[in-house]
Each structure stands twice: as C-alpha cells, then as structure tokens.
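# Fold and contact review
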Amino acid sequence: MGFRGTITDAADFDPTADAETLFNAMKGFGSDKDAILDLVTSRSNRQRQEVIAAYKCSFGKDLIEDLKYELTGKFERLIVSLMRTPAYHDAKEIHDAVKGVGTSERCLIEILASRNNRQMNEMVAAYKDAYGRDMEEDIIADTSGHFKKMLVVLLQGTRDESGVVDADLVQQDAQDLYAAGEEQWGTDEAKFIMILGNRSVTHLCMVFDAFEKVAEMSIEDTIKRELSGDFERLMLAVVQCIRSVPMFFAKRLYKAMKGLGTADNTLIRIMICRSEIDILDIRECFRLLYEKSLFNMITDDTSGDYKRTLLNLCGGDDDIAGEFFPEAAQIAYKMWEMSAMTKVQLRPTVRPASSFDPAADAQALRKAMKGFGTDEDAIIDIVAQRSNAQRQEIRRTFKSLLGRDLMKDLKSELSKNLERLIIGLMLTPAEFDAKMMRKAIEGAGTDEHALIEILVTRSNEEILAMNAAYQHAYKKSLEEAINSDTSGHFCRILVSLVQELADACNAESDDMVMKFMSILCTRSFPHLRKVFQEFVRYSNKDIEQIIKKEMSGDVKNAFYAIVRSVKNQPSYFADRLYKAMKGLGTDDRALIRIMVSRSEADLFNIRKEFKETHDVSLHEFIKGDTSGDYRKTLLLLCGGED
C-alpha cells in the first residue's frame, strides 16, 4: 500500500532558512509559538533532522534544548518529540516505560505489537546508542511470565516478511492453536507465543480464518477466554495489528481521549509515529468505529497550541458520511464477515446454585425479615446467588410454607435501589421486562433509550412472553401503551418490534425509514449481518454512517441500536452500562435493568467487552459508582474482577 500519511517533504526546502526562522521565533522575550508549530508540522521528519544540523552550524546551539527551554507542558512534549527520529522517539518511550516508577505495560504493548522488523531493529540500536544499555535486558528485568516471553520474541524483529504462504502450514497452525487453547484443560501459552510472534501477517490472517472454522469462535474470543492480564492484552494487540494496524491505532486513540482526562502521552506518541505512515487510514477506521471524526475528537478534547499542532498532524476533518477509502471498506466488510461467522459462546455470571433447597431458603429469608431490623446480607446472599428459576421456586415455597407473599415482605423491608434490584431479580424475566417497559412509558417523558434497548435485544419468544406479562399485569396490550406514548416513525419501529414478526411494514413505500424498518425489524440477526456486509460492498458505505447522516432523534437511535446489537450485542450492552454510570449521577434504572436481565444470559461477555472498550473493569466501575448493599448485590451479579 502507498503512502497514507499527512506529513510529507516540504517543497523548496531550505534548512538554513528554517533554522533562522526558528531562532528568531525564540529570540528575545516570549516565543512565537505559531511560527514554531507551523514550521515543524509542515516538514517531514527527515527534513527536521536537517534543520537541527543547520541550527547547530548557524548558531552553535542545540535546537532541541532551545525548544525545551522556550516551550512548556504538553505542547513542548509534542514539538520536541516531533524533532526526534522515529527510532529515537520509540527508544525514549520504551525507556520511560520501563525506567519510571512502575512499568507502563500499555506503552510496551502498543509499540512492540505494532512495529515491523526494520522499525524494531532501528529502535533497539537507538536505545543502545542513547542509553548505553540493552533494551531486551531492561525489559526482561521489568516484566515477568508469558508477557515477558512474548515481548522478547517480538523484540527480535524476525517476523517472517516474505509474503509466501504455505496452505498446509496454515491448517496446521490453526489446529495447533485450537489444541493449545480450546481443546484442553489449561492453555499451552508457548504455542500461542511461537505462532503469533513469528509467522507472517498474510499467513496469520489465513490462520485466523481457518481457526474460526475449527473453533467456531474468533481467535480474539479464545484469547479472552484462555489468557489473562497483560499477556492477554498483548496477544489481543498483536492479533489486532495482524488484522489491521490502522484499526488498532484508531481504538488506542479513542481510549486515550474518551471519558474524563486525556492520556496525552498515548495521543502524542500515536499522532507523531503514524503522521508519515497511515494516519489517513487511522482516520477512516476511527470514523467507522465511533460516532465522530478523529479531527472532531481532538478538537473537543484538547486546547491551545497543543490542539493546533495535533490538528495539523491529523490533517483534516472527515465528513461523517463520506465514502470509505478502499482500506476502510475492506475492514468494514471484514468486520461484518467476522461478526457473521463467529458463534460467540454466551456466558452468564449467575448460575443455578448446587444443592438447592427452596424450603431452607424461604425460612432463611423469613428469618432475615422477622422482628426488628432486616438482615440485608442474608437476603442478598440468597437472591443474588440463585438462578431465576430457583427464585421462582422460593417464591412459591414461601407462599405454601409460610402463607405469606415474599414480594410484599421484601418491598416492606427494603428501600430505594436495593429494593428495586432485589424485586427485579425475584420477578420472572417476562414480568421484569414488562415492568421495565411500563416504567419507560408511564409518567412524564418517555424513556426512549430503555424502550429501544429492551425491544431490540430480546428474542421473539422473550417479546411474546413480555407481551403476555404486560397484558396480565396492566390490563392493556403493550402495543396500545406504545401507541399512546410515542409518535411517528419511532412508534412504528417499536410496534413492529413488538409484533413478533412484523408483516405490517410496507416495503413498497418510497419512504427510506419505512424501507429500513421493513428490513431491520423483521429479519433475523444472522440474515442482517449478511445484509450489512453486502451493503458495504454494494455502496462503499457503512450502514451505521447512513443511519447517522440520514435520520435523527429516536428513529436514528432505534435503528442504530439494532445495527449495534446485530454487530455485537454484548458490546452494545457494555456501552449502555458505561453511559449509565459515567459522568455525574448514575442512571440506576438502566444499571439495574441490564444487570438483572443479562446476568443469566451474557453478562460475562459484556464484562469482557466493557474492559476491552473502556480499559477499566465493570467491577471497578460499579464499585466506584454505587455504595452499600446495593453495590454488594450488583458486584455479586457482576461475578468477577477481570
């Protein structure tokens, strides 16, 4: 692939004149930052090295030292880093990562997973030259276990780059990886290290496809299941870089800027190291993955001269619904293909309790609520550690044994969010969904996000059961309730999701929303994955971009939720949980709804997606955002730290 950077050699380049411009910009009181940043970001790295040499010849001074003296903060870090050669910049980043207080594993992972052999070898030589030390020895001294072994393998810079693929070896490697992970108790990490650390990119892309056929799951899902900690993160980064380096960096950039605070070191490192290689592809991938262009994200997240410099490196704003570059179109197509092929094994966090005794549980719950005060711990330990079917048995036994209504007792003894959560767990899934729909519809203002989330992610059977439960509890059909509370196209989308197979959509209509509705609300998820995949090939656009550009409001949110769910439902829920807790205040209703409804379906998968997307575990997030018995119950449902 050709040059995909934004920074190129400047025409009519005169290093002596540039040196003089920089000297004048720093002369006297204060410095002309505009002149500095405009000059530095409009020269290639090779030209900047000539300017450094010319500066020394003309003025007998070290340009980098002068820049450090004149500039401050993040702007200084960025400009000074731009003046170093790529190899010396990487060497300094690795040195800072291993020599500071505590190791920055994420920096090690990012650099060593993404560099090619030439870059790796030049970086090792630059490290030796700059610090008089051996990079490998420093990394070994600072890391451990399989993580250390894989870093050392990558550091050798000996990955096969011949481009020759042996079809038999592809099959053999796929089988070996399957045998090393999925097929046995425990994992043969050495096999993962050997194959992922040495084979060529082309070869490994074919291995991943072959592996998926054998294992019926992606190599990423296997790594998440079999490995853990920094080793898991490193192997996932290697796989991402094999599949698409620009996609890997788009994700890293997003994580560096989203949420509170910015990981400026990561932002600076990536913007500099990719500005002359593939930043255009990274911009495309960024737009494909997230709801905004890289340019806009940097604009919102940074300020001053620092921002101006980063935007110069970024090079331009990508209109939100332009067509894909060929690279991004291929990636989008591949993403849908993977989504279509992979059979993700959904894993719950709450399972039936062994040696279950409903009578003993009923007695224990009664004891916890009898007399003065309530034993919340006893209630939580029983309710959060039984399956829903077991909780229903406890409800029945409580009635037949003690002649009391367990739900009423719980409501009178508990309060606020803990009560809402425990009652939610005691209802059947259909009763719970019906109640959540009722809550979303009744009162002032409709909670459209809740309506969308429930209706888009439930199966036909679940929607039928919810309909029946709604009719039973509230004496009117869910469809009537939605009709009276929502309007226009949004109402029609919801109603067509409620009709378990919506024949009512008029596919003949010229109205785009109606056409979308007739497809998105009636076809199976596997069918839709194929449709979206072919849509990329046919139109060179991504379905998500079309929805964002052509639609608005609740209609846009509903269609977008359908597409996100089709692509990766656990990831959609992870995103909803993040939004429920981030920022000031917590959307407890959304938090309870998702934790209760997914705990016996796919909460384990949601946890993994949460960690991957947000770089923090769901457990940690809940812990920081809730308190008391409510928090304790949520953490039991969450089921683990990650």
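Here the structure is a predicted model, which is why all the values come from computation and not from measurement. (Residues numbered from 1 in each chain as written. Predicted model: local features only at pLDDT ≥ 70, side-chain atom pairs only at ≥ 80, totals over all residues. Heavy atoms only, no water.)

### Structural notes on the overall build of the protein
Convention followed: Where helices and strands are cited, they refer to DSSP runs of H or I of at least four residues and of E of at least two residues respectively, numbered from the N terminus. Within these notes, the globule rule equals 2.2 Å times the number of residues to the 0.38 power, and the radius of gyration is based on C-alpha atoms. When a residue's accessible area, from a 1.4 Å probe over protein chains only, is under 20% of the maximum for its type it is buried; when over 50% it is exposed; and in between it is partly exposed.
The number of helices and strands found in the protein is 39 helices and zero strands. In terms of overall size, the protein behaves like a compact globule, its C-alpha atoms giving a radius of gyration of 28 Å where 642 residues would be expected to give roughly 26 Å. For the protein, the C-alpha atoms occupy an extent of roughly 95 × 60 × 60 Å along the three principal directions. Classification of the 642 residues of the protein by burial places 52% in the buried group.

### Quick look at the pattern of salt bridges
This is how it is decided: Salt bridge criterion: a side-chain nitrogen from Lys or Arg within 4 Å of a carboxyl oxygen from Asp or Glu.
According to the stated counting rule, one finds 38 salt bridges in the structure shown. One salt bridge in this structure joins Arg269 and Glu93, with 2.8 Å as the shortest N-O distance. Linking Arg269 in helix H17 (residues 264–274) with Glu93 in helix H6 (residues 86–99), this pair joins segments that are 176 residues apart in sequence. Under the relative-accessibility criterion, Glu93 is labelled buried at 14%. A salt bridge links Asp377 to Lys632; the shortest N-O distance between them is 3.3 Å. Of this pair, Asp377 sits in helix H23 (residues 376–383) while Lys632 sits in helix H39 (residues 628–638), and the two are 255 residues apart along the sequence.

### Looking at the environment of Ile109
How we decide: A contact between two residues is defined here by any heavy atoms of the two lying within 4.5 Å.
Within the secondary structure, Ile109 sits in helix H7 (residues 105–114). Classification of Ile109 by relative accessible area gives buried; the value is 6%. Taking C-alpha positions, Ile109 is 44 Å from Ile463, a pair spaced 354 residues apart along the chain. Ignoring any residue separated from it by four or fewer positions in sequence, one finds Ile109 in contact with Phe147, Asp230, Arg233, Leu234 and Ala237.

### Some thoughts on the packing of aromatic side chains
Rules: A pair of Phe, Tyr and Trp rings is counted when the ring centres sit within 6.5 Å of each other, with Trp represented by its six-membered ring. The angle between the planes then sorts it: under 30 degrees is stacked, over 60 is edge-to-face, the rest tilted. Only when the NZ of Lys or the CZ of Arg is both within 6 Å of the ring centre and within 35 degrees of the ring normal is a charge said to sit over the ring.
Under the criterion given, the structure shown has 11 aromatic pairs. Ring plane angle 65° and centroid distance 5.3 Å describe the contact between Phe248 and Phe249, whose orientation is recorded as edge-to-face. One exposure class covers both Phe248 and Phe249, and it is buried. An aromatic cluster is defined as three or more aromatic residues linked by ring pairs; in this entry it consists of Phe23, Tyr55 and Phe59. Above the plane of the ring of Phe604 lies Arg347, whose end atom (NZ or CZ) is 3.9 Å from the centre.

### A look at unusual backbone geometry
Phi is positive for Ser355, which is not a glycine, with a value near 40°. By the secondary structure assignment, Ser355 is in the loop between helix H21 (326–341) and helix H22 (358–369). At Lys475, a position not held by glycine, the phi torsion is positive, near 60°. Here Lys475 lies in the loop between helix H29 (460–474) and helix H30 (478–485). In this structure Lys475 comes out as exposed when scored by relative accessible area, which is 64%.

### Let's talk about the nonpolar core
Rules: Only buried Ala, Val, Leu, Ile, Met, Phe, Trp, Tyr and Cys residues count toward a nonpolar core, and they belong to the same one when joined by side-chain atoms within 4.5 Å.
Leu112, Leu196, Met271, Phe559 and Met595 are the most contacted members of the largest nonpolar core, which totals 196 residues. Residues in contact with Met595, not counting those within four places in the same chain, are Leu577, Leu603, Leu618, Ile622, Leu634, Leu637 and Cys638.

### Describing the confidence of the model for the protein
The following threshold applies: In predicted models, pLDDT denotes the confidence assigned by the predictor to each residue on a 0 to 100 scale.
For the protein, the mean per-residue pLDDT works out to 88, and 93% of the residues sit at or above 70. Low confidence marks residues 500–510, where pLDDT is under 50. Its contacts with residues over four positions away, or in another chain, come to 14 contacts.

### Concerning H7
Counting buried residues in H7 gives eight out of 10 residues, a clear majority hidden from the surface. Of the positions making up H7, those classed as buried are Cys107, Leu108, Ile109, Glu110, Ile111, Leu112, Ala113 and Ser114.

### Here's the deal with the state of the cysteines
Worth spelling out the cut-off: A pair of cysteine sulfur atoms is labelled a disulfide when the two atoms are within 2.5 Å.
All told, the structure shown has zero disulfides when counted by the stated rule. Distance from the sulfur of Cys107, which forms no disulfide, to the nearest cysteine sulfur (Cys273) is 10 Å. Take Cys107: its relative accessible area is 5%, and that puts it in the buried class. Of all cysteine sulfurs, the one in Cys285 lies closest to Cys314, which takes part in no disulfide; the gap is 13 Å.

### Describing the side chain of Thr266
Locating Thr266 in the fold gives a position in helix H17. Looking at Thr266, the relative accessible area reads 11%, which means it is buried. Beyond its immediate sequence surroundings of up to four residues, Thr266 is in contact with Glu110, Arg252 and Ala256.

### Considerations on the environment of Met135
Its place among the elements puts Met135 in helix H9 (residues 135–142). Expressed as a C-alpha distance, the spacing of Met135 and Ala469, which sit 334 residues apart in the sequence, is 64 Å.

### Considering the packing of H22 against H23
The packing of two helices is summarised by the inter-axis angle and the distance between the axes. Applied cut-off: Axis angles are defined between N-to-C directions and span 0 to 180 degrees, where every axis is a line fitted to C-alpha atoms and, for a helix, only to the segment in contact. Working definition: roughly parallel below 35 degrees, roughly antiparallel above 145 degrees, roughly perpendicular at 65 to 115 degrees, and oblique for all remaining angles. In this scheme the handedness of a crossing depends on how the near helix is turned from the far one: anticlockwise by less than a right angle means left-handed, clockwise means right-handed. Nonpolar residues are Ala, Val, Leu, Ile, Met, Phe, Trp, Tyr, Cys and Pro. Charged residues are Asp, Glu, Lys and Arg, and all others, Gly as well, are polar.
Direction vectors running N to C along H22 and H23 enclose 155°, while the axes themselves pass 8 Å from each other. By the criterion of interaxial angle, the relationship of H22 to H23 is roughly antiparallel. Where H22 crosses over H23, the two elements pack in a sense that is left-handed. Note on element contacts: H23 touches H22 through Ala378, Ile379 and Ile382, opposite Asp361, Ala364, Leu365, Ala368 and Met369. Along the lines of polarity and charge, the residues of the contact of H22 with H23 split into seven nonpolar, no polar and one charged.

### Here's the deal with the side chain of Arg386
Stated formally: Polar contact is defined as a pair of N or O atoms within 3.5 Å, subject to the rule that within protein one atom must be able to donate a hydrogen and the other to accept it, and that residues adjacent in sequence are counted only when both atoms are side-chain atoms.
By the secondary structure assignment, Arg386 is in the loop between H23 and helix H24 (388–402). What makes Arg386 buried here is its relative accessible area of 15%. A distance of 2.6 Å separates polar atoms of two side chains, one belonging to Arg386 and the other to Asp361. The residues touching Arg386, leaving out its near neighbours within four places in the chain, are Val350, Arg351, Ala353, Phe356, Asp361, Asp381, Arg391 and Ile394.

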